[in-house]
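Topology and contacts: notes
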Amino acid sequence: MQNEQKKKQSAAWAVVAILAIATSIFGYLFVQQKQELTQQETEIVSRAKELASTQTKLDSVSRALDAKIAEVERLGGDVEELTRMRAQLEADKASFQKSNRNETRKYLAKIKEYEKYLNEKDVEIAQLREENQMLMASNDSLNTQVGSLRTERERLVQRQTELADTVNIFTAQNRDLTEKVNRAAALKAQNLKVLAVTSKGKTKDNDAYKAKRVDKIKLVFDLPENSLTRQEPKDIYVRVLDPEGAVLSDDATGSGEINVDGQDTKFTARQTVPFTNNNQRVEMIYDYSSQFRPGKYSVELYAEGYRIGGGNFVIR
């Protein structure tokens, strides 16, 4: 009995020992597995943090590039190189999403290159900003100068207008004065007499003449002295108007047209007289090819575009 009981106790202790050993082994394996899991978890968290940090840096570089492109465009600079760099960065970001942890350092190195590039661009942008400020200052100065020149131009235009008005006034005054001088220098026919000339060459000085006894008319008048008139041959034109006011004209006697006060008008006869400026007397003969009709006739004398005298005669 005692032996059997001892055997049973020995077997029990053996089982306990085996269980203790198994428990130790399982405990060791559990602790080791837990450590491995903890290490793996730490590595995963570290990997996630590293990936997130790298992604954040890539996004930061991307935003910085976008900001640089916008500023350079605003400053009027060339963004072609920045645009190419932006496209390269987008390609790297897409490639990074597919990479493993071992390639993270490669992208971190690229990020440093991008950051270096951005720093270099900061210097260029600062220079471009300074140049723009100088250009703006120069533009402001030019605008001020343009404004001054525009004001000066307006003043000169106004002055030119005033001068043009003054010139026009002086021109008009000069024209009036010239007209007055010309009128003053014009010949004056005084003491005009209209004499009838018969077919026998006799002249008669009456108040009225019978038509059948008038073959020609003779004009006698004086040209008084005029210090403003040059001594030279003067063309004197005669206009004889019939009782109805029509100008007598005859190609045989050299009738034609003259300009009087800017208008062409018919004349009856013309004679060139050497003006001597000594109160000379002038005689002119008009031979009318037809017979004078009864009525009152008017005689007008012109020289150098001005009327210099006139009179009338009556045919019965």
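The structure under discussion appears in the preceding block.
Residues numbered from 1 in each chain as written. Predicted model: local features only at pLDDT ≥ 70, side-chain atom pairs only at ≥ 80, totals over all residues. Heavy atoms only, no water.

So, the side chain of arginine 239
Of note, arginine 239 is situated in strand S5 (residues 233-241). A distance of 2.8 Å separates a polar atom in the side chain of arginine 239 from the backbone oxygen of lysine 266. Setting aside chain neighbours within four positions, we find arginine 239 in contact with Val247, Thr265, Lys266, Phe267, Thr268, Ser298, Val299, Glu300 and Tyr302. (Helix = DSSP H or I, 4+ residues; strand = E, 2+ residues; numbered from the N terminus. Polar contact = N/O pair within 3.5 Å; in protein donor to acceptor, adjacent residues only side chain to side chain. Contact = heavy atoms within 4.5 Å.)

Comments concerning the side chain of lysine 218
The topology assignment puts lysine 218 in strand S4 (residues 216-223). Polar side-chain contacts of lysine 218 include one of 3.3 Å to the side chain of glutamate 283. Those residues within four positions of lysine 218 in sequence are excluded, and the remaining contacts are Lys193, Val194, Leu195, Val197, Thr203, Glu283, Met284 and Ile285.

Describing the pairing of S5
In terms of burial, S5 is largely enclosed, as 7 of its 9 residues are buried. Note that S5 and strand S10 (residues 295-303) share 6 bridges and pair antiparallel. The residue of S10 that forms the bridge with valine 238 is leucine 301. (Buried < 20%, exposed > 50% of the residue type's maximum accessible area, 1.4 Å probe, protein only. Pairing = 2+ DSSP bridges.)

Some thoughts on a positive patch on the surface
Together, Lys200, Lys202, Lys204, Lys210, Lys212, Arg213 and Arg316 line one region of the surface with positive charge. Within the element layout of this structure, lysine 210 appears in the loop between strand S3 (208-209) and S4. (Patch = residues over 30% accessible without salt bridge, like charges linked within 9 Å, V, L, I, M, F, W, Y side chains within 5 Å. Areas by Shrake-Rupley, 256 points an atom, 1.4 Å probe, with all protein chains shown as cover. Salt bridge = Lys/Arg side-chain N within 4 Å of Asp/Glu carboxyl O. Lys, Arg positive; Asp, Glu negative; His and termini not counted. Charge placed at Lys NZ, Arg CZ, Asp CG, Glu CD.)

Some remarks on unusual backbone geometry
Comment: phi is negative for the bulk of residues other than glycine, and the bulk of peptide bonds are trans. Positive phi, normally seen in glycine, also occurs at asparagine 279, with a value near 60°. For asparagine 279, a relative accessible area of 46% corresponds to the partly exposed category. For glutamate 304, which is not a glycine, the phi torsion comes out positive at approximately 55°.

Some remarks on the pattern of salt bridges
One pass over the structure, following the stated rule, counts 17 salt bridges. A salt bridge links arginine 84 to glutamate 80; the shortest N-O distance between them is 3.4 Å. Taken together, the residues span about one helical turn, with arginine 84 and glutamate 80 both in helix H2 (residues 80-96) at a distance of 4 residues. Note that arginine 230 is salt-bridged to glutamate 232, the shortest N-O span being 3.7 Å.

Some remarks on the nonpolar core
It is characteristic of soluble globular proteins that their nonpolar side chains tend to be buried jointly. By size, the foremost hydrophobic cluster in this structure holds 33 residues, and its most contacted members are Ile217, Leu219, Phe221, Phe292, Leu301 and Phe313. Residue assignment for this core shows that the elements contributing at least two residues are strand S1 (190-197), S4, S5, strand S8 (269-274), strand S9 (280-287), S10 and strand S11 (306-315). The dominant element in this core, judged by the number of residues it contributes, is S4, at 5 residues. Setting aside residues no more than four positions away along its own chain, phenylalanine 221 makes contact with Ala189, Gln190, Asn191, Leu192, Ile236, Gln280, Arg281, Val282, Met284 and Leu301. (Core = buried A, V, L, I, M, F, W, Y, C linked by side-chain atoms within 4.5 Å.)

Regarding the sheet that holds S4
Read from one edge to the other, the open sheet built from 4 strands follows the order S2-S1-S4-S9, with strand pairing classed as antiparallel. Edge strands, defined here as strands with exactly one partner in the open sheet, are strand S2 (203-204) and S9. Pairing analysis gives 2 bridges linking S1 to S2, with the strands arranged antiparallel. Its bridge partner lying in S2, valine 197 is registered against threonine 203.

A look at the sheet that holds S10
Spatially, 5 strands are ordered S3-S11-S10-S5-S8 in an open sheet, and the strand pairing comes out mixed. Every other strand in the sheet has two partners, leaving S3 and S8 as the edge strands with one partner each.

These values are about where atoms sit, not about what they do.
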